[in-house]
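A look at the structure
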Amino acid sequence: MIRKILHVDMDAFYASVEQRDNPSYRGKPIIVGGPPDSRGVVCAASYEARKFGVRSAMPCSQAARLCPSGIFVTPRFEAYRKVSSKIRQIFLEYTDLVEMLSLDEAFLDVTQNKKNIPYASQVAKEIREKIFEETQLTASAGVSVNKFLAKIATDQNKPNGMTIVRPEQAEKFIESLDVSVFPGIGKVTLRKMHALGIKKGKDLKEKSLEILDQNFGKSGRWFYAVCRGLDDRPVEPFRERKSLGAESTFAKDLENSSEIFRELSDIAEELERRLLQKPFPGKTITLKVKFSDFTQKTRSITEDYSYMDKNELYRIGSKLLEEFILESGKAVFPIRLLGLSLSHPESSSKNSQIRSEDEEDLFPSLF
């Protein structure tokens with residue numbers, strides 16, 4: 001059976017909610033995040049701000065330089081969650097196979113939908129119309145036969161658009177794409193691909209499985225499959241949580257060990273609070289460090305037990321920190337950000353390890 005998969009992504013979600021709720025913000029460059037003179041990062045930017053080059057995860061100070069007229073707004077996560085809940089209820093009117101990727105993004109399997117609509121494109125059209133009717137917000141959608149194609153299709157016609165990739169179109173569609181838009185290809189992987197002469201989907205398809213496996217490991221096998229349009233991942237309504245974490249970006253770079261450990265203690269306490277709200281039996285503890293030059297490293301260790309309170313989190317985090325970046329009571333390089341997270345041991349090595357900056361960011365920021 002050919003599946004019918006939708007990927008629905010709200011347009012500049014946080015910023016659009018702010019513009020909807022505050023008419024004076026409409027048509028203006030809105031930047032949701034910390035103050036412009038802070039070390040916080042951008043959570044979302046309206047399309048008016050994006051024209052200046054402002055993007056999510058960018059330092060707020062950099063966003064302020066790029067967009068001097070930008071209006072910085074403190075995030076209101078409770079408001080975003082309420083809107084997200086409404087959107088999810090709309091999805092569930094059509095199918096129970098809804099996989100929420102975040103507050104503003106989801107996969108839907110509408111192969112057999114509750115309204116017996118024969119065409120996935122019609123389902124996507126109705127959902128987008130209903131979202132606007134009930135929330136006054138726009139959404140973009142991708143429609144295809146698997147998750148990979150549907151997700152990439154969404155970005156082809158944003159904002160407030162829809163792209164359909166039919167089975168017979170998939171090959172040419174993928175071959176024409178820049179590999180930079182493929183999910184899972186970050187800056188480090190992209191540099192490797194360019195060094196191998198891989199810039200388009202067509203270039204990627206020409207590489208053998210052996211070459212991709214040698215250069216990218218397990219990810220190479222994934223790239224080999226998706227550049228051929230192959231992706232059999234199901235839409236999973238109840239995804240198991242893989243990690244829980246917390247991080248903090250500092251007002252100024254830290255070098256003194258006492259200040260660094262004080263911040264680490266606060267992060268451990270915040271992570272304990274989140275664990276009490278959402279219990280998670282993780283055994284792998286990961287320390288994340290971002291230095292003043294924006295390079296980022298992580299180091300992990302797996303324990304034989306899963307209960308972690310703030311004291312245990314701080315003890316293990318401190319051990320990793322000392323082994324990792326401290327010499328003679330000072331950081332090897334000034335530290336911009338610290339984070340701690342818990343994850344399942346099967347997703348990490350038993351031994352401490354350093355991971356690449358392409359790894360999924362699993363540390364929600366503290367504001």
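Residues numbered from 1 in each chain as written. Predicted model: local features only at pLDDT ≥ 70, side-chain atom pairs only at ≥ 80, totals over all residues. Heavy atoms only, no water.

What counts, and what does not: UniProt positions are given in the numbering used here, feature names are shortened, and annotations may be inferred rather than shown by experiment.
Identification of the protein chain as DNA polymerase IV from Leptospira selangorensis is taken from an unreviewed UniProt entry. Taken verbatim from the UniProt record of the protein chain, the Subunit (unreviewed entry) comment is "Monomer."

1. Focus: the sheet that holds strand 2 (residues 30-33)
Note the threshold: The criterion for strand pairing is that DSSP finds at least two bridges linking the strands in question. Here a helix means four or more residues in a row that DSSP labels H or I, a strand means two or more in a row labelled E, and each is numbered from the N terminus. Here, axes are lines fitted to C-alpha atoms. For helices the fit covers the stretch in contact, and angles between N-to-C directions go from 0 to 180 degrees. Between two residues, a contact is recorded if the distance between any of their heavy atoms is within 4.5 Å.
The three strands lie next to each other as 3-2-4, forming an open sheet whose pairing is mixed. Each edge of the sheet is formed by a strand with only one pairing partner; in this case those strands are strand 3 (42-45) and strand 4 (71-73). Across the sheet, the axes of successive neighbouring strands diverge by a mean angle of 30°, strand direction being ignored. Sheet topology note: the strand 2/strand 4 ladder contains three bridges and is parallel. When the sheet's bridge partners are listed, Ile31 is paired in strand 4 with Phe72. Along the sheet, helix 1 (residues 13-21) contacts strand 2, strand 3 and strand 4; its crossing angle with strand 2, the most-contacted strand, is approximately 115°.

2. Side note on the pattern of salt bridges
Threshold: Should a side-chain nitrogen of Lys or Arg be within 4 Å of a carboxyl oxygen of Asp or Glu, the pair is scored as a salt bridge.
One pass over the structure, following the stated rule, counts 20 salt bridges. Residue Lys125 pairs with Glu129 through a salt bridge whose shortest N-O separation is 2.7 Å. Highlighted residues: Lys125 and Glu129, both in helix 5 (residues 120-135), separated by four residues, approximately one helical turn. One continuous salt-bridge network, built from bridges that share partners, spans Glu18, Arg20, Asp21 and Arg76.

3. Some details on the UniProt feature "site: Substrate discrimination" (unreviewed entry) in the protein chain
Mapped onto this numbering, the UniProt entry annotates "site: Substrate discrimination" (unreviewed entry) at Tyr14. The residue Tyr14 is located in helix 1 in this model. For Tyr14, the contacting residues outside a window of four places in its chain are Val32, Cys43, Ala44, Phe77, Tyr80 and Leu103.

4. Some thoughts on the UniProt feature "binding site: Mg(2+)" (unreviewed entry) in the protein chain
So the rule is basically this: When a residue's accessible area, from a 1.4 Å probe over protein chains only, is under 20% of the maximum for its type it is buried; when over 50% it is exposed; and in between it is partly exposed.
The feature "binding site: Mg(2+)" (unreviewed entry), as annotated in UniProt, sits at Asp9 and Asp104 in this numbering. A stretch of 96 residues holds the annotated residues, and the largest C-alpha distance among them is 5.9 Å, short enough that they meet in one place. Turning to its location among the elements, Asp9 is positioned in strand 1 (residues 5-10). Overall, Asp9 belongs to the buried group, its relative accessible area being 13%. Those residues in contact with Asp9 that lie beyond four places of it in its chain are Asp104, Glu105, Ala139, Ser140, Thr154 and Lys158. Along the chain, Asp104 falls in the loop between strand 5 (98-102) and strand 6 (105-109). Residue contacts for Asp104: discarding those within four places in its chain leaves Val8, Asp9, Met10 and Phe13.

5. Digging into unusual backbone geometry
Cis geometry marks the peptide bond from Lys158 to Pro159; its omega dihedral reads -5°. Tracing the backbone shows Pro159 in the loop between helix 6 (147-154) and strand 8 (162-164). Even without glycine at this site, Asn160 takes up a positive phi of about 55°. Among the structural elements, Asn160 can be located in the loop between helix 6 and strand 8. With phi around 75°, Phe294 is a residue other than glycine that occupies positive phi space. Among the secondary structure elements, Phe294 is positioned in the loop between strand 10 (284-291) and strand 11 (296-302).

6. Some details on the nonpolar core
Rules: Nonpolar cores were defined as sets of buried Ala, Val, Leu, Ile, Met, Phe, Trp, Tyr and Cys residues, with membership established by side-chain atoms within 4.5 Å.
Leu6, Phe13, Phe91, Leu108, Ile127 and Ile131 are the most contacted members of the largest nonpolar core, which has 35 residues in total. Of all the secondary structure elements, the ones that give two or more residues to this core are strand 1, helix 1, strand 2, helix 4 (77-92), strand 6, helix 5 and strand 7 (139-144). Ranked by residue count, the leading element in this core is helix 4, at seven residues. Ignoring sequence-local partners within four residues, the contact set of Ile131 consists of Val8, Met10, Ile87, Ile90, Phe91, Gln136, Leu137 and Ala139. Judged by nonpolar contacts, the second largest core, of 25 residues, contains Leu254, Phe261, Val289 and Ile316.

7. Overview of the pairing of strand 2
Of the two faces of strand 2, the one lined by Ile30 and Val32 and the one lined by Ile31 and Gly33 are each fully buried. Here strand 2 pairs with strand 3 via three bridges, running antiparallel. Among the inter-strand pairings, Val32 is bridged to a residue of strand 3, identified as Ala44.

8. Comments concerning the environment of Arg299
Here Arg299 lies in strand 11. Given a relative accessible area of 18%, Arg299 falls into the buried group.

9. Thoughts on the state of the cysteines
To be explicit about the condition: Criterion for a disulfide: a pair of cysteine sulfur atoms at a distance within 2.5 Å.
All chains considered together, the criterion is met by zero disulfides. The thiol of Cys43 is unpaired, and the distance to the nearest cysteine sulfur, on Cys60, comes to 7.5 Å.

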